[in-house]
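# Summary of structural features
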Amino acid sequence: MGSRAVPSRTRTQVLYHSKMLRITLDEKKVMRATDCSRDATIVEVFAPAILDVTAVSSDRFVGYVHLTGPFHSGGMQWPRRNLRAFGPYPIKEVDSTAAVLRRYFGLPVAPTEVSYDNLMKEPARYHNRIIRSYGPWRRLPGRSQFAGAWLSPPDRWNTYGSSVPRHFTGSVVIDVVGLWRLLQRSTNTGRIRADHWPAVLEPYLLEVLGNIGNEGAPQPDELPG
């Protein structure tokens with residue numbers, strides 16, 4: 001199954017509602033899960049980042065709803081950036097919620113394979129899509145660049161194959177899966193930040209294929225896609 005775009009909305013839409021849970025999607029494509037007993041938001045994610053939703057049982061009677069995807073997190077409240085979960089709730093509630101979300105968003109979603117060159121040439125074409133690409137990642141103080149975009153540095157939960165120290169500097173060739181988002185350029189010419197780049201890539205999975213220039217390491221023009 002290919003990538004899908006979440007339908008645009010002009011108002012908040014209720015995707016699921018019961019005595020215990022309320023799931024909504026607003027016009028900015030933010031999906032919220034609200035615990036009705038406390039009238040409190042328990043999960044908030046950007047809907048195009050959702051790769052899959054699953055019902056996970058903890059015993060015969062209760063379980064959790066798991067959402068997986070490249071969910072950017074600026075804090076430490078989530079030990080795994082690519083997982084959001086809520087529960088425990090009765091297993092029927094968990095199953096119903098997961099089924100509704102999977103059907104509405106057409107889950108699971110497979111990433112769109114796109115070449116490094118095409119990301120550079122047509123960044124707007126892949127806006128709010130889960131993509132997979134191969135190419136050089138350059139990391140210097142104040143800079144984390146992939147295909148002309150800011151690559152949000154992954155943590156250890158976002159890597160597979162060769163792991164990447166969170167604060168490494170240098171240039172490596174990577175295989176990356178993540179959410180590609182187009183940004184408006186900032187007119188501020190001061191300190192470089194992620195929002196000063198034309199796009200940002202928030203990784204779900206990332207593998208280092210080799211160091212640039214090392215003998216035997218894949219070079220950009222040798223990479224698939």
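Please read all numbers here as calculations on a predicted model, not as lab measurements. (Residues numbered from 1 in each chain as written. Predicted model: local features only at pLDDT ≥ 70, side-chain atom pairs only at ≥ 80, totals over all residues. Heavy atoms only, no water.)

Here we come to the pairing of strand β3 (residues 30–35). Of all six residues that make up β3, five are buried, and the element is covered over most of its length. Pairing of strand β2 (residues 21–25) with β3, which is carried by five bridges, proceeds in the antiparallel orientation. The residue of β3 that forms the bridge with I23 is A33. Counting the residues between successive antiparallel strands, the hairpin from β2 to β3 contains four residues, one of them, K29, with a positive phi of roughly 65°. (Buried < 20%, exposed > 50% of the residue type's maximum accessible area, 1.4 Å probe, protein only. Helix = DSSP H or I, 4+ residues; strand = E, 2+ residues; numbered from the N terminus. Pairing = 2+ DSSP bridges.)

Moving on: the pattern of salt bridges. Overall, the coordinates contain eight salt bridges when judged by the stated rule. One salt bridge in this structure joins D35 and R38, with 3.5 Å as the shortest N-O distance. Between E122 and R125 there is a salt bridge, with the nearest N and O atoms lying 3.3 Å from each other. Exposure remark for E122: the relative accessible area of 37% places this residue in the partly exposed category. A single network of salt bridges, built from pairs that share partners, joins D26, R32 and E44. (Salt bridge = Lys/Arg side-chain N within 4 Å of Asp/Glu carboxyl O.)

In this model, the protein chain carries an average pLDDT of 80, and 73% of its residues clear a pLDDT of 70 or more. In the predicted structure, residues 186–195 sits below a pLDDT of 50 and forms 12 contacts with residues beyond four places in sequence or in another chain. Counting interchain partners and residues more than four positions distant, the pLDDT-below-50 stretch residues 214–225 has 18 contacts. (pLDDT = per-residue confidence, 0-100. Contact = heavy atoms within 4.5 Å.)

Before going further, it helps to examine the nonpolar core. Counting residues in each nonpolar core, the largest one holds 30 residues, and the members touching the most others are I23, M31, I50, V53, L67, F86 and F105. Contributing elements (two or more residues each) for this core: β1 (13–17), β2, β3, β4 (40–46), β6 (62–68), β7 (83–90), α1 (91–105) and β12 (170–182). Looking at which element gives the most residues to this core, the answer is α1, with five residues. Membership of the second largest hydrophobic core comes to 18 residues, among which are I131, F146, V176 and V208. (Core = buried A, V, L, I, M, F, W, Y, C linked by side-chain atoms within 4.5 Å.)

Right, let's talk about the sheet that holds β6 for a bit. One open sheet holds the three strands; their spatial order is β5-β6-β7, and the pairing between them is antiparallel. For this open sheet the edge positions go to β5 (52–57) and β7, each flanked by a neighbour on one side alone. On average, each strand axis in the sheet is tilted by 20° relative to the strand beside it, whichever way the strands run. The pairing of β5 with β6 spans six bridges and is antiparallel. Its bridge partner being in β6, V56 is matched across the sheet by Y64. Lying on the sheet, α1 is in contact with β5, β6 and β7; it crosses β5 at an angle near 170°. (Axes fitted to C-alpha atoms, helices over the stretch in contact; angles between N-to-C directions.)

On to the side chain of S144. With respect to the helices, strands and loops of the structure, S144 is situated in strand β10 (residues 143–146). Overall, the relative accessible area of 0% leaves S144 in the buried class. A polar contact is formed between the side chain of S144 and the side chain of W137, at a distance of 2.9 Å. Side-chain polar atoms of S144 contact the backbone oxygen of L151, separated by 2.7 Å. Those residues within four positions of S144 in sequence are excluded, and the remaining contacts are W137, R138, R139, A149, W150, L151 and P153. (Polar contact = N/O pair within 3.5 Å; in protein donor to acceptor, adjacent residues only side chain to side chain.)

What follows covers the environment of P48. Its location among the elements puts P48 in the loop between β4 and β5. C-alpha of P48 to C-alpha of R129: the two residues are 81 residues apart in sequence and 6.7 Å apart in space.

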